[in-house]
Amino acid sequence: MTSLFDQLEQVSLRTKGSSDLSSLGVMDVLLDEEPAIFTKSKKDFTPLDKVTHVVIANKFMVLAMANNVLFRMNLHSPSERNEISLNKYTQGKLTNLFLDPTGNHLFLTFASKSKSTEMPELMYLSRKSDKIKTSGKFRGNEFTAIGWNNMNESDSTTGPILLGTSKGLIFETEISLEGDKFFAPSLEQYWRQLPNYLPLYGNKEVDGLVFDIGKNSNTPVTTLEYFQVPGTNKYMIFAATPSRLYYFYGSAEMEEKPVLQQVFQKYLNVPETDIFLASESRLGYSRLQFWSENLITPNQFAWVTEKGIYFGQIDDLKDNRIATVKDKVSLLPYPKPLYEDYSQSPKYPIAIALTEFHILLAYTDSIKGMCLLSKEVVYEDQYNEAFGKLVSVIRDSRTGDIWALSENAMFRFKVHREERNIWQIFCANNQFDLAKKYSRGNEVCYNQVLLKEADMLFEQKEYILSAQRFAEAQSSFEEICLKFLKVDEPDSLKIFLRNKLSALDPKQKTQITMLVVWVVELYLTKLEEIRLQGLEKSASYDEVQKQFETFIALQEVADCIRSNKSTIYELMESHGDKGNLIKLTIVSKDFERLIRHHIFKNNFRDALEVLKSQNNFELYYQFAPVLMQEVPKPLVNTLIDQGKKLGPLRLLPALVSCNGELHSLEVIRYLEFCIVKLKNADKAIHNLLVSLYAKYDSKKLMEYLNSQGQEVSLINYDVYFALRLCAEQQQNEACVKLYALLNLWESAVDLALKVNLELAKTMADMSPENDLELKKKLWLKIAQHVVSEKNDIQEAMKYLSDLIKIEDILPFFSDFLTIDHFKDAICNSLREYNQKIQALKEEMEEATNSAEQVRNEIHSFRNCFTYINSADKCEVCNMILMVRPFYFFPCNHMFHSDCLLAELEPCLGMTKRNRLSDLEKQLESLNTQSNSDNNSTGLSGMTRRDQVKAEIDNIIASECLYCGENMIRNVDKPFIEDFEYESITREWQ
């Protein structure tokens, strides 16, 4: 099945100029393989006697047989069945059965068998009960129709219902059950007398009467139905007679009884012709049935009369009067032939079953199915004598099941995709929305609908809509394009191409490229036409431009343009559309091309604006050299705005290429920003700034050099490079500063003396304090300059100090100067010399006395002794001191030699520790050697062993362990080392 449809689709796509599926020769094959719309199956059920009446609702069947037995069966569970004899309740003849949509409430109507005492009866039977209930209040009325409450779901009450009689009267009542009592005093029944119709019954009130459509004639009500509009208090009431269909629409409050009389009330004074649809008929009956999509309110109805089938649509919200219903009603003829060969009398349906698109017409010996739209017979079935005459065909309003019962058999109908060919009918009637709705599941059929709709719209010159439909359909792309080109409809063609583009798979690169280029060409052509008319500022131009911008902003279009930039740019240039060329580069983010375009046109500020609007910083480095030459100040402002996003080093080519003071000052401004704000420390940046300062701004040069400080290792520029540049530019003051940085103090002072004297003095003061010889030399240079250049003796005298004496500067003066000029200076110098000589004598006497005192102390210390008691103990191990070699210090602390060594060794430095270890090894080796070796003496008169011991003593006994400097150095050392903490903690625990 699926493969055939696939083949059909392929054939349809290859076939040109044909919109009829049947012409392909494939649809008939497909339809043959599908089951018929209606199929019948006989059920395993045989009644005990001939069936005379039958009703089915909610899968519950009630039928009456010729033996006056009522049979009930649950169709969902056929084992649930029972029989009730009607002879126990009445001797009348059963005329009709009425079952509500839930299957819970059943009314039976009887006519008296005695003509002289004819008294029709109405009886009630609940599904839960086997007992038929009677009521005397309904006697005297032959009920021919009942309008059930479709909203009712209760099995103990019917809700408000309508009852129609054979005389055209309509009553309203409500049946309620309480226990097993029926029509008991507790049962609520309501009816009201209508004055307008009292003459029909003399002075007797008519209980429960709400409307009279018979007008004192024997016009039976054949069908009654009413529906409540969901969510409102509005009601729709339908009442059918053999020749009229009445329609009532109005509001009613459920709390006010009778409920539906409120709807009828407003029609009492309305002309009769305004409330019904008439049909000439000599039949004594008509059949009315509804089809509902939501099972609550009807969508369409079929009314069968002698004249034919009235088929119409209903809108529960809009159709509030019969006139609007009439506008949507069409009269369908009965299927042919209506006449049999053996008799010329016409045959009319005895029952109908309505579906969404078809109607089953039941005759006494056959059932015919007719399409309500095409009026064609799609099903026909004859019933032979073995099954008996056909009694009825019934559609279960709750489940949609269709049943047919003859006198001796029961059949069930199944409906198989009745909408399968409906789309063709709608399509033929130009009802394309409905055709698309019912063909959407089949791509081939749906495509045919689209093509026919598109062709019709094209013929009607609705080119925009036609283009939209063609774009949805699968057809020859070239033919459709030629259609619109022939009628000169580029706008419609553009819509067609755009819609086709949106339907393409992203993998179809070639097709996408072709469509994008074509659509762009159409937009550019349209815009060019408007510009040539001088309407560039018009609303139409803005609208087309807006559409174009929206188009190129689409993701798939932007991707395509990005892959075919040159083609699109050439198109725009050929149409002279500079504005869109610029916008396109923005959309495709081709800023490099846009900037080049502006630079080529000498629009440097525009180029800079584009550069600022994008985020590719590589373009700054690429175009900065050109823009720096043309728009230096705006460019520098832009560079400063970008801040740390740009690397100053990469901008150096643009910065060093500038010539002229104007450009250089802007470069200086940017370099100052980099150094001050960005804290840039690149030597190249600083060197460039120094070079520009040296050339254009000596004041800022000095401020910069001072800000860098005097520590060569901390400055950010190359001192030698700066010195050479400053020398070339004759920036002497800066050169002095740089000489000082290089410790070339003599050169600094020599050059400073050419600038000004104060600068030379500053350089002399800045020279190293510890190099007195250098300081003296520098000050002498200054003094010589003062004497030789200014010949100012008094000024020269000011330089006399501790470094420079009168005798140092005397050679600088002329031989002809008299001593009077230096008298004071010479006297002061002599007095200072005398004071220094006296101070030296005093220092020498103090030194001699101190040396004598030291010699006396050493002599006395050699003869010093102390007493050691036998009970004295080691300060470390607290054991008797004299049991092992020991050390005794002048501070009276005593230690065993090994205890002192153990305590002192961790405190010794690595060098002393290693030396001590070597000496201990030497001492141990000397102790094992012969006495002759140990007794040999060196130049000091001590044996080798004594020398080693003396050196060991010098290391470990040079000072007391507790009173010496070692204890002071280790005052912050913890008592417990980190690596000992855990072990000591465990010991304490």
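Data block above holds the structure.
In what follows, the accompanying structure is described. Keep in mind the model is a prediction, meaning the values are calculated, not measured.

## A few points about the environment of Asn615
1) Next: Mapped onto the elements, Asn615 comes out in the loop between helix H17 (604-613) and helix H18 (618-630).
2) Next: Given the relative accessible area of 68%, Asn615 is considered exposed.

## Concerning the sheet that holds strand E28 (residues 410-415)
1) Next: Here we have four strands laid out as an open sheet, ordered E1-E28-E27-E26, and antiparallel in their pairing. Unpaired on one side and paired on the other, strand E1 (38-42) and strand E26 (390-395) mark the two borders of the sheet. Neighbour to neighbour, the strand axes of the sheet diverge by 20° on average, direction disregarded.
2) Next: Where E1 meets E28, five bridges bridge the pair, whose relative direction is antiparallel.

## Describing the pairing of strand E19 (residues 300-304)
1) Next: Burial analysis of E19 places five of its five residues in the buried class, which makes it a mostly covered element.
2) Next: Here E19 shows no split at all, with Gln300, Ala302 and Val304 on one side and Phe301 and Trp303 on the other all buried.
3) Next: Taken together, the five bridges between strand E18 (residues 287-291) and E19 define a ladder with antiparallel strand orientation. Residue pairing in the sheet places Arg287 in a bridge with Val304 of E19.
4) Next: Note that E19 and strand E20 (residues 309-313) share five bridges and pair antiparallel. The residue of E20 that forms the bridge with Phe301 is Gly312.
5) Next: Connecting E19 to the next strand, E20, in antiparallel fashion are four residues, including Gly308 with a positive phi near 155°.

## Focus on unusual backbone geometry
1) Next: The residue after Lys257, namely Pro258, is reached through a cis peptide bond having omega -5°.
2) Next: Relative to the helices and strands, Pro258 is located in the loop between strand E16 (244-251) and helix H3 (261-265).
3) Next: The phi dihedral of Arg417 falls on the positive side, at around 45°, and the residue is not glycine.
4) Next: For Gln730, which is not glycine, the phi dihedral falls at a positive 55°.

## Concerning the sheet that holds strand E3 (residues 60-65)
1) Next: Sheet architecture is open: four strands sit in the order E2-E3-E4-E5, paired in antiparallel fashion. Of all strands in the sheet, those bounded by a partner on one side alone are strand E2 (51-57) and strand E5 (81-85). Direction aside, neighbouring strands of the sheet carry axes that sit 15° apart on average.
2) Next: As paired elements, strand E4 (residues 69-74) and E5 share five bridges and run antiparallel to each other. Bridging from a neighbouring strand, Leu70 pairs with Ile84 of E5.

## Quick look at the nonpolar core
1) Next: In terms of nonpolar packing, the biggest core is built from 74 residues, with Leu627, Leu655, Tyr717 and Leu738 touching the most fellow members.
2) Next: Contacts of Leu738, omitting those with residues within four sequence positions, involve Leu705, Tyr717, Val719, Ala722, Leu723 and Cys726.

## Some details on the packing of aromatic side chains
1) Next: For the structure shown, the criterion picks out 38 aromatic pairs.
2) Next: The interplanar angle of 80° and the centroid separation of 5.3 Å between the aromatic rings of Phe895 and Tyr962 together place this pair among those described as edge-to-face. With a gap of 67 residues between them, Phe895 in strand E30 (residues 894-896) and Tyr962 in the loop between helix H35 (944-956) and helix H36 (965-969) connect regions that are remote in the sequence.
3) Next: By relative accessible area, which is 0% here, Phe895 ends up buried.
4) Next: We classify Tyr962 as partly exposed; its relative accessible area is 34%.
5) Next: Above the plane of the ring of Phe411 lies Lys40, whose end atom (NZ or CZ) is 4.7 Å from the centre.
6) Next: Between the NZ or CZ atom of Lys483 and the centre of the ring of Phe458, over which it lies, the distance is 5.0 Å.

## As for the pattern of salt bridges
1) Next: According to the stated counting rule, one finds 28 salt bridges in the structure shown.
2) Next: A salt bridge links Lys368 to Glu380; the nearest nitrogen and oxygen atoms lie 3.7 Å apart. Within this pair, whereas Lys368 is found in strand E24 (residues 366-371), its partner Glu380 is found in strand E25 (residues 377-382), the two being separated by 12 residues in sequence.
3) Next: Relative accessible area serves as the criterion here: at 7%, Lys368 is assigned to the buried category.
4) Next: Across the salt bridge formed by Lys612 and Glu609, the nearest N and O atoms sit 3.5 Å from each other. Of the two residues, Lys612 and Glu609 both sit in helix H17, three residues apart, roughly one turn of that helix.

## Some words on the packing of H18 against helix H19 (residues 632-642)
1) Next: The N-to-C vectors of H18 and H19 enclose an angle of 145°; their axes lie 7 Å apart at closest approach. Residues Tyr620, Ala624, Leu627, Met628, Gln629 and Glu630 of H18 pack against Pro632, Leu635, Val636, Thr638, Leu639 and Gln642 of H19.
2) Next: Considering only residue class, the contact of H18 with H19 consists of eight nonpolar, three polar and one charged.

## Regarding a nonpolar patch on the surface
1) Next: Residues Ile880, Met882, Val883 and Phe886 make up a contiguous nonpolar surface patch of roughly 340 Å² in combined accessible area.
2) Next: For Phe886, the position within the fold is in strand E29 (residues 886-888).

## Quick word on the packing of helix H11 (residues 509-532) against helix H14 (residues 565-574)
1) Next: Their axes nearest at 10 Å, the elements H11 and H14 cross at an angle of 15°. Comparing their axes, H14 and H11 come out roughly parallel. In terms of crossing hand, the pair formed by H11 and H14 is right-handed. Contact residues: Val517, Val520, Glu521 and Leu524 in H11; Ile568, Leu571 and Met572 in H14.
2) Next: Here the residues of the contact of H11 with H14 are counted per class, giving six nonpolar, no polar and one charged.

## Quick look at helix H9 (residues 477-486)
1) Next: Turning to H9, its buried residues are Ile480, Cys481 and Phe484. Down the axis of H9, the sector holding all buried residues measures 100°, keeping them to one side. Relative to its buried face, H9 has exposed residues pointing more than 90 degrees away, namely Glu478 and Lys486.
2) Next: Residues of H9 that are buried make contact with helix H7 (443-459), helix H8 (463-472), helix H10 (490-503) and H11.

## Some thoughts on the environment of Met370
1) Next: Take Met370: it is sitting in strand E24.
2) Next: Since its relative accessible area comes to 0%, Met370 is described here as buried.
3) Next: Here the alpha-carbon distance between Met370 and Ile359, two residues 11 residues apart in the chain, equals 5.5 Å.
4) Next: Setting aside chain neighbours within four positions, we find Met370 in contact with Ile309, Leu332, Pro333, Pro335, Phe357, His358, Ile359, Lys375, Glu376, Val377 and Val378.

## Topic: the side chain of Asp316
1) Next: Position of Asp316 relative to the elements: it lies in the loop between E20 and helix H4 (322-326).
2) Next: Buried and unpaired, Asp316 has no salt bridge, with Lys328 as the nearest side chain of opposite charge at 9.1 Å.
3) Next: A polar contact is formed between the side chain of Asp316 and the side chain of Thr297, at a distance of 3.1 Å.
4) Next: Excluding residues that lie within four positions of it along the chain, Asp316 makes contacts with Val229, Pro230, Met236, Tyr249 and Thr297.

## Looking at the pairing of E16
1) Next: Of all eight residues making up E16, six are buried, and the element is well covered by its neighbours.
2) Next: The antiparallel hairpin formed by strand E15 (residues 234-240) and E16 contains three residues in its connecting segment.
3) Next: Strand direction decides the pairing type here: E16 and strand E17 (residues 276-278), joined by three bridges, are antiparallel. Note that in E17 the partner of Leu245 across the bridge is Leu277.

What counts and what doesn't
Residues numbered from 1 in each chain as written. Predicted model: local features only at pLDDT ≥ 70, side-chain atom pairs only at ≥ 80, totals over all residues. Heavy atoms only, no water. Helix = DSSP H or I, 4+ residues; strand = E, 2+ residues; numbered from the N terminus. Buried < 20%, exposed > 50% of the residue type's maximum accessible area, 1.4 Å probe, protein only. Pairing = 2+ DSSP bridges. Axes fitted to C-alpha atoms, helices over the stretch in contact; angles between N-to-C directions. Core = buried A, V, L, I, M, F, W, Y, C linked by side-chain atoms within 4.5 Å. Contact = heavy atoms within 4.5 Å. Phe/Tyr/Trp six-rings, centres within 6.5 Å; stacked < 30°, edge-to-face > 60°. Lys NZ or Arg CZ within 6 Å of the ring centre and 35° of its normal. Salt bridge = Lys/Arg side-chain N within 4 Å of Asp/Glu carboxyl O. Nonpolar A, V, L, I, M, F, W, Y, C, P; charged D, E, K, R; others polar. Patch = residues over 30% accessible without salt bridge, like charges linked within 9 Å, V, L, I, M, F, W, Y side chains within 5 Å. Areas by Shrake-Rupley, 256 points an atom, 1.4 Å probe, with all protein chains shown as cover. Parallel < 35°, antiparallel > 145°, perpendicular 65-115°, else oblique. Left-handed = near helix turned anticlockwise from the far one by under 90°. Arc of directions from axis to C-beta. Lys, Arg positive; Asp, Glu negative; His and termini not counted. Polar contact = N/O pair within 3.5 Å; in protein donor to acceptor, adjacent residues only side chain to side chain.

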